[in-house]
Amino acid sequence: MGQVDKRTLEKFEREAKEMNRESWYLSWALDTNDEERDKGKTVETGRAFFETEKKRFTLLDAPGHRCFVSNMISGAAQADVGILVISARKGEFETGFDRGGQTREHALLAKTAGVKHLVVLINKMDDPSVNWDKKRYEDVCSRLLPFLKQSGFRSSDLKFMPVSGMTGANLKEQMDPAVCPWYTGIPFLPYLDELPSFKEDSTKKPFRLSIVEKYKDMGTIVMGKVCSGAVFKNNNLVIMPNKTTIQVTDIYLDDEESDIADTGDNVKLKLKNIEEEDVSAGFVLCSPDNLCRIADRSWPSSTSSNCATSSPPASTVSCTSTPL
């Protein structure tokens, strides 16, 4: 897709080779911290963006390892379209799907998190054990389809495609008939471009943003997806459940400053009048004149606790699109 230049890839390859991790260097574009690069596993949800002729996409690279399922859920809950990447290599698909692997759990969690449309990329079709074999592709698809339907996806919500992430086959350009004569469908990126916008027109509703991450950087930064409403720079909001009034001093969309964020946007907000340690994932930013409800739960010991609940989120996993 041209988002990572050749010099950067060469740098990743050189550094990975120094760590005896040369086969992992391509993943370093989104696996940016030392823990992820040392273990070869995505730990946190990576973020990037790319543009096509029609849309701008925010890419959320969710972890796949069972130890980081909670981070996978937080990433999945922010997206509009799920991209489930399946290995066609013999033995790898079976390990992920049949032998207590994560394929089933991730598909089910994606649906539970609100994903309504799922693109299933059958990757590594160029592997010597597969070699673009149509029977292998159809076997993988036939085993996945019943489970995905059972998980709640309709046939119209699913799209299967054979690809090669290593060579880029069928990602951006039409499949070469000399490589794979039996697939004549649309490539991956043009397919995403043709999908309708999943953003809901709810900018006139009360503002809601469920915080998924927070950190300190010359102020308190929170991240999340705008579930409803819109926010402008210097707006005052209330963070629930502690009912602290804060001011939004800066808005970032894909690390670019903006004056507004509306429904469906994945954003970073810099907040004033609150410290980073006073914010937790799961807190909700609300319009001052329309706060989200507080749920009171009574326990057998007659004690109670409060937690914030937001209004139902807009249809939201691995990438979110915004029309240009």
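Use the structure listed above.
Residues numbered from 1 in each chain as written. Predicted model: local features only at pLDDT ≥ 70, side-chain atom pairs only at ≥ 80, totals over all residues. Heavy atoms only, no water.

### A word on helix α6 (residues 134-150)
This is how it is decided: A helix here means a DSSP run of H or I that spans at least four residues, while a strand means a run of E at least two residues long, and both kinds are numbered starting from the N terminus. Working rule for helices: expected span equals 1.5 Å times residues minus one. For every residue, the accessible area obtained with a 1.4 Å probe (protein chains only) is divided by the maximum for its type, and the residue is called buried under 20%, exposed over 50%, and partly exposed between those limits. Throughout, a residue-residue contact means that at least one pair of heavy atoms, one from each residue, lies within 4.5 Å.
In this model, α6 (17 residues) spans 25 Å end to end at C-alpha, consistent with the 24 Å of a helix rising 1.5 Å per residue. Among all positions of α6, only Arg136, Tyr137, Val140, Cys141, Leu144, Phe147 and Leu148 are buried. Tucked into the core, α6 has its buried residues touching β3 (81-87), α4 (92-97), α5 (103-112), β4 (117-123) and β5 (158-162).

### A few points about the packing of aromatic side chains
Applied cut-off: Stacked, tilted and edge-to-face pairs are distinguished by plane angle, under 30 degrees for stacked and over 60 for edge-to-face with tilted covering the rest, among Phe, Tyr and Trp rings (Trp via its six-membered ring) whose centres lie within 6.5 Å.
Using the criterion set out here, one finds four aromatic pairs in the structure. Considering the side-chain rings of phenylalanine 93 and phenylalanine 97, the 5.4 Å spacing of their centres and the 10° angle between planes classify their relative orientation as stacked. Highlighted residues: phenylalanine 93 and phenylalanine 97, both in helix α4, separated by four residues, approximately one helical turn. Of the two residues, phenylalanine 93 and phenylalanine 97, neither departs from the other in class, the shared state being buried.

### Digging into the pairing of strand β9 (residues 236-240)
Condition: Whether two strands pair depends on DSSP finding at least two bridges between them.
Judged by how many residues are buried, β9 sits mostly within the fold: four of five residues are covered. Where β9 lies against strand β10 (residues 244-253), four bridges are found, and the strand directions are antiparallel. Counterpart to valine 238 in the pairing with β10 is threonine 245. Between β9 and β10, which pair antiparallel one after the other, the connecting turn spans three residues, and lysine 243 there sits at a positive phi close to 60°. Inspection of the sheet shows β9 paired to strand β14 (residues 284-286) by three bridges, in the antiparallel sense. In the sheet register, methionine 240 faces β14, and the bridge partner there is valine 284.

### Points about the side chain of aspartate 157
For aspartate 157, the position within the fold is in the loop between α6 and β5. Non-local contacts of aspartate 157, meaning those with residues more than four positions away in its chain, are made with Lys116, His117 and Leu118.

### Examining α5
The cut-off we apply is this: Regarding the arc, it is the one traced by the directions from the helix axis to the C-beta atoms.
Three or more residues of α5 are buried, namely Thr103, His106, Ala107 and Ala110. When α5 is viewed along its axis, its buried side chains cluster within an angular range of 100° and face the same direction. At the C-terminal side of α5, glycine 114 shows a positive phi close to 115°.

### What to know about unusual backbone geometry
The omega torsion of the bond from methionine 240 to proline 241 falls at 15°, within 30 degrees of zero and hence cis. Residue lysine 243 is not a glycine yet carries a positive backbone phi of 60°. In this structure lysine 243 comes out as exposed when scored by relative accessible area, which is 54%.

Any link to function would need more than the numbers given here.
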